[in-house]
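In case you want the letters, here they are:
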Protein chains: 2
Amino acid sequence: MRYTKPLEDLIEEFRKFPTIGPKSAQRMAFTLLKKTPEQVEKFARIICEAKEHIKYCSKCFNLTNSVICEICQDPRRDSKQVCIVESVKDLIALERTHEYRGIYHVLGGIISPLEGISADDLNLTQLTTRLQIQLDEMNPEDELELVLAISLSTEGEATMLYIKRLMSQFGDSRIKLTRLAHGLPVGADLDYADETTLARAFEARVVA
Amino acid sequence: MRYTKPLEDLIEEFRKFPTIGPKSAQRMAFTLLKKTPEQVEKFARIICEAKEHIKYCSKCFNLTNSVICEICQDPRRDSKQVCIVESVKDLIALERTHEYRGIYHVLGGIISPLEGISADDLNLTQLTTRLQIQLDEMNPEDELELVLAISLSTEGEATMLYIKRLMSQFGDSRIKLTRLAHGLPVGADLDYADETTLARAFEARVVA
């Protein structure tokens, strides 16, 4: 004896999400059953609409409900600064800082031989294509900064190295590669930092 | 700048579930976007079907997709043993033991003045009605056992006390009230048990 079939199906659907175990899936299914029919319909409709309308920006691969995303469309953003991120989540994290005023390029992943993700699986051809178009329109004295905002994991470093090589093959001296600074998180206790972070923070120390 | 509107809506919907924080909601939304349109449609359909088809059993308030649940319909179940549980979750937990062969009555809650749940909010009138019908059909020498499978929290004890009084008002000597034994969990270390559980286990000790 288990739950009635439609309920078992519902629990099973929730269990397909990552980090949702049997107890959480059960709790979510019961929560849903407690809603009004209108609320449940709205939930189902929002799910379908999200899938239907959300597309990748054809320029930077951010998520958007039109062809080109809001950031790429925004004339106030500096197109000469392109921040390269692994995912849309990282893009949003950077946007939340309200510091960066350039545009983005979302790789859609990170080189990871263990997970079978190679450079070909990332949006890198699209990156070189858009950079070529942009460089063709730029003045010879202008600079195009690529900010690598990728985490310093093994996969992240491999990806950054790959992009670095790709850009040197490009051979355009107007491209300038930078990457995010690594060090102690602001406000964190020194003895809570892992050794690598601490070592990097020490290495990259600045005049006080 | 946040996510595109349909995605924000989707994340917001997932956040409405208990224990789902912003990060989990975001992860679930992204997982959903990675599915094929067919998978997403299936998910939405299962949600709507669950809400549409799942009803409460008109006899015991278990969840069912017909009028009377499978347990109440099963002729092999002993209708002279009615186990009273707080929720369908508890019913399923008991069913998983494969020990109990009687039927159920789901209260749909527990008396909790703090949460504003009184005896009137529970399926108690329905309990006395069904018991009355059953007693009318029973022989004078038969017994009807009500097993209170309710946790020993303050609310649980209040609920059990209420049902006990309700049954004594009923004044039918064929009704026999029992409740689950409380003691050490099987396999648990003695020093991990809380004092109340340990005291109860000591009190209820049996000949070895």
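Residues numbered from 1 in each chain as written. Chains lettered and ligands numbered in written order. Predicted model: local features only at pLDDT ≥ 70, side-chain atom pairs only at ≥ 80, totals over all residues. Heavy atoms only, no water.

Remarks on the interface of chain B and chain A
As a reminder, the rule being used: Throughout, a residue-residue contact means that at least one pair of heavy atoms, one from each residue, lies within 4.5 Å. Two parts lose some accessible area (1.4 Å probe) when they are put together, and adding that loss for both gives the buried area. Take a side-chain nitrogen of Lys or Arg and a carboxyl oxygen of Asp or Glu: if they are within 4 Å of each other, that pair is a salt bridge. Whenever two N or O atoms come within 3.5 Å, that pair is a polar contact, provided that in protein one can donate a hydrogen and the other can accept it, and provided that, for residues adjacent in sequence, both atoms are side-chain atoms. For the purposes of this entry, the term helix denotes a DSSP run of H or I that reaches at least four residues, the term strand denotes a run of E that reaches at least two, and both are numbered from the N terminus.
Taken together, the contact pairs 47 residues of chain B with 47 residues of chain A. Both sides of the chain B and chain A interface together cover about 4,700 Å² of buried area, and 76% of this is carbon and sulfur. Applying the counting criterion to the chain B and chain A interface returns 2 salt bridges. Close ionic contact of Lys42(A) with Glu13(B) constitutes a salt bridge, the shortest N to O distance being 3.5 Å. Where chain B meets chain A, there are 8 residue pairs in polar contact (both at pLDDT 80 or more). Going through the elements one at a time, helix 1 (5-15), helix 2 (22-34), helix 3 (37-53), strand 2 (63-64) and helix 5 (88-96) of chain B are the ones with two or more residues in the side of chain B that touches chain A. By residue number, the principal contributor to the side of chain B that touches chain A is helix 3 of chain B, which donates 11 residues.

Thoughts on the pairing of strand 3 (residues 78-85) of chain A
Along any regular strand the residues' side chains alternate between the sheet's two faces. Residue and element names in this part refer to chain A. Where we set the bar: Pairing between strands is defined by DSSP: at least two bridges between the two strands are required. Crossovers are marked right-handed if the path from the first strand over the helix to the second runs clockwise, as seen with the strands pointing away from the viewer.
With 5 bridges connecting them, strand 3 and strand 4 (residues 102-106) associate as parallel partners. Across the sheet, the residue bridging to Val82 is Ile103, located in strand 4. Each parallel crossover has a hand, and the one from strand 3 via helix 5 (residues 88-96) to strand 4 is right-handed.

Looking at the packing of aromatic side chains
Inclusion rule: Each Phe, Tyr or Trp ring, with Trp reduced to its six-membered ring, pairs with another whose centre is within 6.5 Å; inter-plane angles below 30 degrees give stacked pairs, above 60 give edge-to-face pairs, and intermediate values give tilted ones. Throughout this description, buried means an accessible area under 20% of the type-specific maximum (1.4 Å probe, protein chains only), exposed means over 50%, and partly exposed covers the range between. Only when the NZ atom of a Lys or the CZ atom of an Arg is both within 6 Å of the ring centre and within 35 degrees of the ring normal do we say a charge sits over the ring.
Scanning all chains against the criterion turns up 10 aromatic pairs over all chains. Consider the rings of Phe17(A) and Phe43(B), whose centres lie 5.5 Å apart with planes at 65°: the pair is edge-to-face. Of the two residues, Phe17(A) is situated in the loop between helix 1 (5-15) and helix 2 (22-34) and Phe43(B) in helix 3; the pairing between them involves two chains. Phe43(B) shares its class with Phe17(A); the two are buried. Residues Tyr100(A) and Tyr104(A) carry aromatic rings whose centres are separated by 5.2 Å and whose planes lie at 65° to one another, so their mutual orientation is edge-to-face. Of the two residues examined, Tyr100(A) and Tyr104(A), each falls in the buried class. Across from the ring centre of Phe17(B), 5.2 Å away, lies the NZ or CZ of Lys35(A), which sits over that ring.

Let's talk about the sheet that holds strand 5 (residues 144-149) of chain A
Residue and element names in this part refer to chain A. Inclusion rule: Each axis is a line fitted through C-alpha atoms, and for a helix only the stretch in contact is used; angles between axes span 0 to 180 degrees, taken between their N-to-C directions.
Overall, parallel pairing links the 4 strands, which are arranged 4-3-5-6 in an open sheet. Every interior strand has two partners, whereas the edge strands, strand 4 and strand 6 (175-179), have only one. Shown here is a sheet whose adjacent strand axes are inclined to one another by a mean of 25°, direction ignored.

Things to note about the relation of the copies chain B and chain A
For clarity, the threshold we go by: A residue counts toward the fit only if its pLDDT is at least 70 in both copies, and the copies are then superposed by least squares on the C-alpha atoms of those residues.
Once chain B has been moved 0.1 Å along the axis and rotated by 180°, it coincides with chain A to within an RMSD of 0.2 Å. In symmetry terms, the pair is related by a two-fold rotation axis. Scanning chain B for the C-alpha nearest the rotation axis identifies Ala44(B), at a separation of 2.4 Å. Most of the interface of chain B is mirrored in chain A, where 100% of its interface residues again form contacts.

Things to note about the side chain of Arg130(B)
Condition: Positive residues here are Lys and Arg, negative ones are Asp and Glu, while His and the chain termini are left out of the count.
By the element assignment, Arg130(B) lies in helix 6 (residues 124-137). Summary of buried charges: Arg130(B) has no salt-bridge partner, and the nearest side chain of opposite charge, Asp78(B), is 10 Å away.

Some words on the sheet that holds strand 3 (residues 78-85) of chain B
All names here are of chain B. Strand order in the open sheet made by the 4 strands is 4-3-5-6, with parallel pairing throughout. Among the strands making up the open sheet, the edge pair consists of strand 4 (102-106) and strand 6 (175-179). Adjacent strand axes in the sheet meet at a mean angle of 25°, parallel and antiparallel pairs treated alike.

Some thoughts on the packing of helix 6 of chain B against helix 7 (residues 154-170) of chain B
Residues and elements named next belong to chain B. Heads up, the condition is: Crossing handedness is defined as follows: a turn of the near helix away from the far one that is anticlockwise and smaller than a right angle gives a left-handed crossing, while the clockwise case is right-handed. Ten residue types, Ala, Val, Leu, Ile, Met, Phe, Trp, Tyr, Cys and Pro, are classed as nonpolar, four, Asp, Glu, Lys and Arg, as charged, and the remainder, Gly among them, as polar.
Packing of helix 6 against helix 7 brings their axes to within 12 Å, and their N-to-C directions diverge by 40°. When you trace helix 6 past helix 7, the crossing you get is right-handed. On helix 7, the residues that touch Leu124, Leu127, Thr128, Leu131, Gln132 and Leu135 of helix 6 are Tyr162, Ile163, Leu166, Met167 and Phe170. By residue class, the composition of the contact of helix 6 with helix 7 is 9 nonpolar, 2 polar and no charged.

Focus on unusual backbone geometry
Even without being glycine, Phe61(A) reaches a positive phi, approximately 70°. For Phe61(A), the location among the structural elements is in the loop between strand 1 (55-56) and strand 2 (63-64). Its identity is not glycine, yet Thr19(B) carries a phi of approximately 65°, on the positive side. Mapped onto the fold, Thr19(B) is located in the loop between helix 1 and helix 2. Owing to a relative accessible area of 58%, Thr19(B) belongs among the exposed residues under this scheme.

Structural notes on the domain arrangement of chain A
Rules: Bear in mind that the domain bounds are from an automatic or database domain assignment.
What the domain assignment reports for chain A is domain 1 (5-53) and domain 2 (75-179). Computed over C-alpha atoms, the centres of domain 1 of chain A and domain 2 of chain A are 37 Å apart.

Notes on the pattern of salt bridges
In the structure shown here, the tally under the stated rule is 18 salt bridges over all chains. Where Arg45(B) meets Glu49(B), a salt bridge forms, and the shortest distance between an N and an O atom there is 3.9 Å. You can see Arg45(B) and its partner Glu49(B) sitting in helix 3, 4 residues apart, about one turn around the helix. The class for Arg45(B) is partly exposed, based on a relative accessible area of 45%. Here Glu49(B) falls in the partly exposed class, since its relative accessible area comes to 34%. With a shortest N-O distance of 2.8 Å, Glu95(B) and Arg77(B) are connected by a salt bridge. Of the two residues, Glu95(B) sits in helix 5 while Arg77(B) sits in the loop between helix 4 (70-73) and strand 3, which places them 18 residues apart along the sequence. In terms of burial, Glu95(B) and Arg77(B) fall into one category: buried. Within this structure, Glu13(A), Lys16(A) and Lys42(B) form a network of salt bridges that share partners.

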